[in-house]
Amino acid sequence: LNAGFDFGRVTINNAIVPLKQDSSENFDVVINAQQINLGKLQPFAVLFGGMSEKMKIAGTAESQVSIKSLKQIFTIKSDSTTLKNLKFTLPDKKPIERNEATAKFDIKLDVENKEVQEVFFRLNSPDFNVSLANINQTQKNGVTKLNGDIELQYDWTVLNQIVGPFMPDGLELKGKET
C-alpha cells in the first residue's frame, strides 16, 4: 500500500493482518510515513492525546513505525522518527520553534484488558530532552492507575513558554534543569 493523504504519505509493505480473531498468525505491519503534516494531525492529538486545544503545532514528521502482536499484546515501536520545522504556538505567547528533533518509542498494549503494559518514549532536541520509561496503566474496579518514570532535561525559558498558560500571571522561570 502506498497512499497519499491530506496529512502526508504512508507506505506499508508485506503486512500481515489476521482477519479472524482466532487466527494463528500475528499482526505484523511496518509503516513508513513521509512528509506528515503535524498541523493536520493536531485535531487527533487533541481528541486522543490530551493536547490542549489552545496549543497549535506545525512542522513535519518522517517515521518508520512497526506494529506487531503476540496474541492480544500489541507492540508499537519506532527507532527513527524525525521532526522538522517544529512550531508550537499558544495564544499571547512567543512561538517555540525548533529546526529538528528526534523521537524513539516502544509501547506495549494489552488490547483485551485495555491496559498499557509498558511505554518507553524519548524526545531529543537542543533545548529539551524527555524520557518516559517503565510507564504502565492498569484498570481495576473502575480505578485507573498510571505508574512510571519521567526524566526531563530542559531550558526553563523554553518550558515556561509551553506551560505559561497554566501558571500564575507574572511568574517567569529561567535556567536549565535535569
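Residues numbered from 1 in each chain as written. Predicted model: local features only at pLDDT ≥ 70, side-chain atom pairs only at ≥ 80, totals over all residues. Heavy atoms only, no water.

## Points about the overall build of the protein
Step number 1: Each helix and strand counted, the protein has two helices and ten strands in total.
Step number 2: Secondary structure elements in the protein, listed N-terminal to C-terminal, are β-β-β-α-β-β-β-β-β-β-α-β.
Step number 3: Each of the 178 residues in the protein was classed as buried or not, and the buried ones make up 25%. (Helix = DSSP H or I, 4+ residues; strand = E, 2+ residues; numbered from the N terminus. Buried < 20%, exposed > 50% of the residue type's maximum accessible area, 1.4 Å probe, protein only.)

## Focus on the packing of aromatic side chains
Step number 1: Applying the stated criterion across every chain yields a total of two aromatic pairs.
Step number 2: An angle of 0 degrees between the planes, with centres 5.3 Å apart, marks the rings of F5 and F7 as stacked.
Step number 3: Using a relative accessible area of 43% as the deciding quantity, one classes F5 as partly exposed.
Step number 4: The partly exposed category is assigned to F7, whose relative accessible area is 25%.
Step number 5: Taken together, a centroid distance of 5.6 Å and an interplanar angle of 55 degrees make the contact between F27 and F74 tilted. Residue F27 is located in the loop between strand 2 (8-12) and strand 3 (28-37), and its partner F74 is located in strand 5 (residues 73-89); the two are separated by 47 residues in the primary sequence.
Step number 6: For F27, a relative accessible area of 21% gives the class partly exposed. (Phe/Tyr/Trp six-rings, centres within 6.5 Å; stacked < 30°, edge-to-face > 60°.)

## A word on the confidence of the model for the protein
Step number 1: Per-chain confidence: the protein averages 82 in pLDDT, with 87% of residues scoring 70 or above.
Step number 2: Per-element confidence in the protein is highest for strand 3, whose mean pLDDT is 94, and lowest for strand 10 (residues 176-177), whose mean pLDDT is 59. (pLDDT = per-residue confidence, 0-100.)

## Digging into unusual backbone geometry
Step number 1: One non-glycine residue, K71, adopts positive backbone phi at about 60 degrees.
Step number 2: Of note, K71 is situated in the loop between strand 4 (56-70) and strand 5.

## Regarding the side chain of S125
Step number 1: Along the polypeptide, S125 turns up in the loop between strand 7 (115-124) and strand 8 (128-140).
Step number 2: Those residues within four positions of S125 in sequence are excluded, and the remaining contacts are E100 and A101. (Contact = heavy atoms within 4.5 Å.)

## Description of the pairing of strand 4
Step number 1: Looking at chain direction, strand 3 and strand 4 are connected through eight bridges and run antiparallel. Looking at the pairing, A33 lines up with S63 of strand 4.
Step number 2: Adjacent in sequence and paired antiparallel, strand 4 and strand 5 are bridged by two residues, among which K71 carries a positive phi angle near 60 degrees. (Pairing = 2+ DSSP bridges.)

## With respect to the pairing of strand 3
Step number 1: When strand 2 meets strand 3, the two strands line up antiparallel, connected through four bridges. Bridging across to strand 3, R9 finds its partner in Q34.

## Examining the pattern of salt bridges
Step number 1: Applying the stated rule across the entire model yields three salt bridges.
Step number 2: With a shortest N-O distance of 3.7 Å, K68 and D28 are connected by a salt bridge. Separated by 40 residues along the polypeptide, K68 in strand 4 and D28 in strand 3 bring together distant segments of the chain.
Step number 3: Residue class for D28 comes out partly exposed when judged on its relative accessible area of 26%.
Step number 4: Put simply, K108 and D106 hold a salt bridge, and the shortest N to O gap is 3.7 Å.
Step number 5: For K108, a relative accessible area of 25% corresponds to the partly exposed category. (Salt bridge = Lys/Arg side-chain N within 4 Å of Asp/Glu carboxyl O.)

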